[in-house]
Amino acid sequence: MTGHEQGVPINQMRRDKRMDPEHRMRLDSAIHMQGRGWLTGRDGGRPWTLSRTNRVLACFGALLILVVFSPLLLGLALAIKFTSPGPVMFVQKRTGYRGRTFGMYKFRTMVCNAEELKESLRHLNKHGVDAIDFKIDKDPRITGIGGFLRRTSLDELPNLFNVVSGDMRLVGPRPTSFNAYRYKDNHLARLSIYPGMTGLWQISGRSNIDFDQRVELDLSYIAEQSLLLDLKILLKTPFKVFSGHGAS
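Everything numeric in this text was worked out from a predicted model, so none of it was measured.

A. Helix α3 (residues 70–83), seen in detail. Over its 14 residues, α3 extends 20 Å from the first C-alpha to the last, a length consistent with the 20 Å expected when each residue adds 1.5 Å. What α3 keeps buried is the set L73, L76, A77 and I80. The buried residues of α3 all sit within an arc of 100° when viewed along its axis, so they share a single face. Exposed residues pointing more than 90 degrees away from the buried face of α3 are listed as P71, L74, F82 and T83. The inward-facing, buried residues of α3 contact α2 (52–68), β2 (101–107) and α5 (144–152).

See the structure below:
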């Protein structure tokens, strides 16, 4: 979960699949080219994270969760609407598979002018003033209901629409709010798979760890990827998320 919110109008958000040739070469040289089939183990096959089976199961799971939790989604939307001025949801530009940008759906948890206030609070960034990640404890821009949504990660539930659309999966690295041009070379390999709603980061400390540590967890997930690992992460996520540990 990022420490700032910068909304993008839905009708202006497009998938960005273009990239300048020099940066594309940098990305390709850094990304681990996965070529072992997840089911057969044969070279040249699709790994689990990029398989059609993963895509179908993730989409089906997201649709099921949306249906089951639709009353909760409606209740949260009404709570946001009646407790602070501004839209219920916003679309934030995020970096996903192979550096492509997309609009990620979230419930609004901050005041409408949160981005304008960001620079005045940069000195409070818990990862350092010059860090690419921006997060501060007890962020004054967060609304009353927004604090609850963040502690429980309920603000991320609209990510399910991104899973249905194919920009995300249920499990994978969290998409960053900064683009691939700002990634260091040793960070780029995390872009070799689709981003997810949850992952090893969420069950291993969440916002209490810095970006380099997140990348280590992402690369560990990529190396060990499997259906069984995804199921383990999905089962552990609710306990970690609703405990509020590491959230901000």
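Continuing now.
B. Here's a closer look at a nonpolar patch on the surface. Where nonpolar side chains cluster on the molecular surface, the patch consists of W38, L39, L57, L227, L228, L231 and L234 and spans about 640 Å² of accessible area. Considering every element that reaches the nonpolar patch, the biggest residue donor is helix α8 (residues 227–243), with 4 residues. For L39, the location among the structural elements is in the loop between α1 (21–30) and α2.

C. View of the pattern of salt bridges. Considering all chains together, one arrives at 4 salt bridges under this definition. A salt bridge links E156 to R174; the shortest N-O distance between them is 2.8 Å. Separated by 18 residues along the polypeptide, E156 in the loop between α5 and α6 (159–165) and R174 in the loop between β3 (169–171) and β4 (196–198) bring together distant segments of the chain. Residue E156 is classed as buried on the basis of its relative accessible area, which comes to 7%.

D. Fine view of the UniProt feature "transmembrane region" (unreviewed entry) in the protein chain. In the numbering used here, UniProt assigns the "transmembrane region" (unreviewed entry) feature to residues 56–80. Here residues 56–80 runs as 96% helix and 0% strand, with 32 Å between its end C-alpha atoms.

E. Region of the structure containing the packing of aromatic side chains. This structure, assessed with the given rule, holds 6 aromatic pairs. Arranged with centres 5.6 Å apart and planes meeting at 50°, the rings of F178 and Y183 form a pair that is tilted. Looking at F178, the relative accessible area reads 4%, which means it is buried. Of the aromatic side chains, those joined through ring pairs into one cluster are F178, Y183 and F211. Positioned above the aromatic ring of Y194 is the side chain of R169, whose terminal nitrogen or guanidinium carbon lies 4.0 Å from the ring centre. Taking the ring centre of W201 as reference, the NZ or CZ of R214 above it sits at 3.9 Å.

What counts and how
- Residues numbered from 1 in each chain as written.
- Predicted model: local features only at pLDDT ≥ 70, side-chain atom pairs only at ≥ 80, totals over all residues.
- Heavy atoms only, no water.
- Helix = DSSP H or I, 4+ residues; strand = E, 2+ residues; numbered from the N terminus.
- Expected span 1.5 Å × (residues − 1).
- Buried < 20%, exposed > 50% of the residue type's maximum accessible area, 1.4 Å probe, protein only.
- Arc of directions from axis to C-beta.
- Contact = heavy atoms within 4.5 Å.
- Patch = residues over 30% accessible without salt bridge, like charges linked within 9 Å, V, L, I, M, F, W, Y side chains within 5 Å.
- Areas by Shrake-Rupley, 256 points an atom, 1.4 Å probe, with all protein chains shown as cover.
- Salt bridge = Lys/Arg side-chain N within 4 Å of Asp/Glu carboxyl O.
- UniProt positions renumbered as here; feature names shortened; annotations may be inferred.
- Phe/Tyr/Trp six-rings, centres within 6.5 Å; stacked < 30°, edge-to-face > 60°.
- Lys NZ or Arg CZ within 6 Å of the ring centre and 35° of its normal.

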